[in-house]
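Architecture and fold: a report
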Amino acid sequence: MRKTLPVISTGPAAGAASDGCSAPAAAPARSALPLWRKRRLRIALVRHHDLCLNTRQIARVQKRAGVLPHLGLGYIHTALKSAGFHNVIQVDTPALGLDSEGLRKLLADFGADLVGVSTTTPGLPGAVEACEAAKSTGAKVILGGPHTEVYAHENLVHDSIDYIGVGEGITIMPELAEAMERGEDPEGIRGLVTRKHDGGAAPMVNLEEVGWPERSGLPMDSYYSIMAPRPFATMISSRGCPFKCSFCFKQAVDKKSMYRSPEDVVGEMTELKERWGVKEIMFYDDVFTLHRGRVREICALIGERGLKVRWEAPTRVDLVPEPLLEAMAGAGCVRLRFGIEHGDTEILERMRKESDIEKIEKAVTSAHEAGIKGFGYFIVGWLGETREQFRKTVDLACRLPLDYASFYTATPLPGTPLHTESVAAGQIPADYWDRFVRGEFDARIGYLVPDAQERAQRAYRSFFMRRSMVRPLLSHMAVTGQWRNTLDGLRSLHRSTSNTDRDF
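In this report, the structure presented in the accompanying data block is examined. Please read all numbers here as calculations on a predicted model, not as lab measurements.

1. A few points about the pairing of strand β17 (residues 373-380)
The buried fraction of β17 amounts to 6 of the 8 residues, a majority that puts the element mostly inside the structure. Strand direction decides the pairing type here: strand β16 (residues 333-341) and β17, joined by 6 bridges, are parallel. Across the sheet, residue leucine 336 finds its bridge partner in β17, namely glycine 374. Note that β17 and strand β18 (residues 404-409) share 6 bridges and pair parallel. Bridge assignment links phenylalanine 378 to a residue of β18, and that residue is phenylalanine 407. Running through helix α14 (residues 387-399), the crossover from β17 to the neighbouring parallel element β18 is right-handed.

2. Quick word on the pattern of salt bridges
Across all of its chains, the model carries 29 salt bridges by this definition. Residues arginine 435 and glutamate 440 are paired through a salt bridge, measuring 3.2 Å at the closest nitrogen-oxygen approach. On the basis of relative accessibility, which here comes to 46%, the residue glutamate 440 falls in the partly exposed class. Notably, a salt bridge pairs arginine 491 with aspartate 488, separated by 2.7 Å at the nearest N-O pair. Separated by 3 residues within a single helix, arginine 491 and aspartate 488 lie in helix α19 (residues 483-495), roughly one turn from each other.

3. Thoughts on helix α9 (residues 262-276)
When the terminal C-alpha atoms of α9 are compared, their 20 Å separation across 15 residues agrees well with the 21 Å that a helix rising 1.5 Å per residue should span. When we look at burial in α9, the residues that qualify are Pro262, Asp264, Val265, Val266, Gly267, Glu268, Met269, Thr270 and Leu272. Each element contacted by the buried residues of α9 is listed here: α2 (71-82), α8 (207-210), β11 (232-235), β14 (280-283), α10 (292-305) and β15 (310-315). The first or second residue beyond α9 is glycine 277, which carries a positive phi of 65°.

4. Remarks on the nonpolar core
With 55 residues, the main nonpolar core has Met269, Trp311 and Met328 as its most contacted residues. Those residues in contact with methionine 328 that lie beyond four places of it in its chain are Phe288, Thr289, Val295, Cys299, Trp311, Cys333, Leu336 and Ile372. If you look at the next biggest cluster of nonpolar residues, it comprises 43 residues, including Leu107, Phe110, Leu383 and Val437.

5. Things to note about the packing of aromatic side chains
If you walk through the whole model with that rule in mind, you get 16 aromatic pairs. Judged by centre distance (5.8 Å) and plane angle (20°), the ring pair of tyrosine 432 and phenylalanine 436 falls under stacked. Here the residue tyrosine 432 and the residue phenylalanine 436 both occupy positions in helix α16 (residues 432-437), the gap between them amounting to 4 residues, near one helical turn. Overall, the relative accessible area of 3% leaves tyrosine 432 in the buried class.

6. A closer look at the sheet that holds strand β6 (residues 140-144)
Remark on secondary structure: sheet strands pair via backbone hydrogen bonds, oriented parallel or antiparallel. One open sheet accounts for 6 strands, arranged β4-β2-β5-β6-β7-β8; its pairing is mixed. The open sheet terminates on both sides in strands that have one partner only, identified here as β4 (88-92) and β8 (192-193). Inspection of the sheet shows β6 paired to strand β7 (residues 163-165) by 2 bridges, in the parallel sense. Bridging across to β7, leucine 143 finds its partner in isoleucine 164. Strands β2 (43-47), β4 and β5 (114-118) of the sheet are contacted by α2, whose axis makes an angle of about 170° with β2. Of the strands in this sheet, β2, β5, β6, β7 and β8 touch helix α7 (residues 169-182), which is tilted by about 160° from β5.

7. Comments concerning unusual backbone geometry
Cis peptide bonds are those with omega within 30 degrees of zero, and the linkage from arginine 230 to proline 231 qualifies with -5°. With respect to the helices and strands, proline 231 occurs in the loop between β10 (224-225) and β11. With phi around 80°, glutamate 341 is a residue other than glycine that occupies positive phi space. Residue position: glutamate 341 is located in strand β16. By relative accessible area, glutamate 341 is classed as buried at 7%. One non-glycine residue, arginine 352, lies in positive phi territory at about 60°.

8. Side note on the sheet that holds β11
Reading across the sheet, the 6 strands line up as β11-β14-β15-β16-β17-β18 and stay open at both edges, with parallel pairing between neighbours. For this open sheet the edge positions go to β11 and β18, each flanked by a neighbour on one side alone. Ignoring strand direction, the axes of neighbouring strands in this sheet form an average angle of 20°. As judged from the 5 bridges shared by β15 and β16, these two strands associate in the parallel manner. Looking at the pairing, glutamate 312 lines up with arginine 335 of β16. Lying on the sheet, helix α17 (residues 452-464) is in contact with β17 and β18; it crosses β18 at an angle near 175°.

9. Considerations on a nonpolar patch on the surface
A surface patch of nonpolar side chains, about 350 Å² in accessible area, is lined by Val470, Leu474, Trp483 and Leu487. Of note, valine 470 is situated in helix α18 (residues 470-480).

Thresholds, definitions, all that
Residues numbered from 1 in each chain as written. Predicted model: local features only at pLDDT ≥ 70, side-chain atom pairs only at ≥ 80, totals over all residues. Heavy atoms only, no water. Buried < 20%, exposed > 50% of the residue type's maximum accessible area, 1.4 Å probe, protein only. Helix = DSSP H or I, 4+ residues; strand = E, 2+ residues; numbered from the N terminus. Pairing = 2+ DSSP bridges. Right-handed = clockwise from strand over helix to strand, strands pointing away. Salt bridge = Lys/Arg side-chain N within 4 Å of Asp/Glu carboxyl O. Expected span 1.5 Å × (residues − 1). Contact = heavy atoms within 4.5 Å. Core = buried A, V, L, I, M, F, W, Y, C linked by side-chain atoms within 4.5 Å. Phe/Tyr/Trp six-rings, centres within 6.5 Å; stacked < 30°, edge-to-face > 60°. Axes fitted to C-alpha atoms, helices over the stretch in contact; angles between N-to-C directions. Patch = residues over 30% accessible without salt bridge, like charges linked within 9 Å, V, L, I, M, F, W, Y side chains within 5 Å. Areas by Shrake-Rupley, 256 points an atom, 1.4 Å probe, with all protein chains shown as cover.

Here it is as structure tokens:
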């Protein structure tokens, strides 16, 4: 029988009811699988297209941003292998260029018994499409991802979905596969929701005990990012975020921080460099520099091992002291992604960012002086945002020594304070997401200011169409080789320029 993965408690103990859900039943004892019996279950892990009407990014930018590997599915694949399931494939339809019919044929040819589909709330229509394709082949279908913690039972309105996974898919999928292998009733698995049973949420797992995400069989040559040279890879060195930004949805497993050891992190970086030949690693932690001592140890270990690879990471403006920036730059960090969000102090407070303009300017400038490029994330069209407040955001983005910027439109995701505030302000219907999940809406959730999309477009043009951006963009394209995507993106912004662009 497989080794039980160590978990990290993130909330009430098992058996305690919460959030209106029934208490999860204790998992039934399962007898050991005979050693002579091979695990024959065939499992497919699917990420389907997520370009959808509720994207926070403007379409012309999103289409050129790239296709990145799905780390969650990679970790689940590793956990399944550890449990003895080796007939497992990852199907990444955006990377493979498959539509729903192509996905259906691939799953049918593979003969999948169990198909796991990952989704976010905005990307649900594409995920349901994948579930329907999988169900048509006769497979059992489970839907998981961040979305399912808010809308577990509501998703079961779709006949193509048999199970919902809530919480840690790394533990749910091996347990479900084992139950199917034995012909047992899967109800009682923690984190598994069915039409008859609520299994609560599966707790966080220590990733270092799981192993590195499985990448064999993935179309590595098909992944690309407008920000990185090919081949590149994605990683996470930690999980969780203690901060409470009002626009960010967090699963229960996201609310407690978990750190991988420096040795494990640098070990995976080394494998990516030596086995896959990656030129750049993109960390997708919630906040890479949350534990600064650990980051210093990672940097020191990179130096000790003589590892030469570019890498970038996300952080906050209040978590990058100058000595740490110097250590990161010396260890190969070429870019930091800052969640700046806005240029108006009042809106920053309403976003619960716990930062201010002075901190923002100091952090980005210090990174620039250390030789690390800055990427700024901004949100425009915030609830009640005036034109003057919007102008402050654009002015800040253009004033900072940033090499790149992304401007998102404020989108009140379910389960966030922004959603609660937007409903209270009468800006969006209280039941929009419930009906969206059920397939009753085919229109985007309303913007919080009428011209939010236009504001995002104007912000992009103001930032990238400056003369001072010519040299950074040329340098970026030369290093990454992303000439076509970058130039196409700039052309699309230029074509949509009008005489009123700067009338804001």
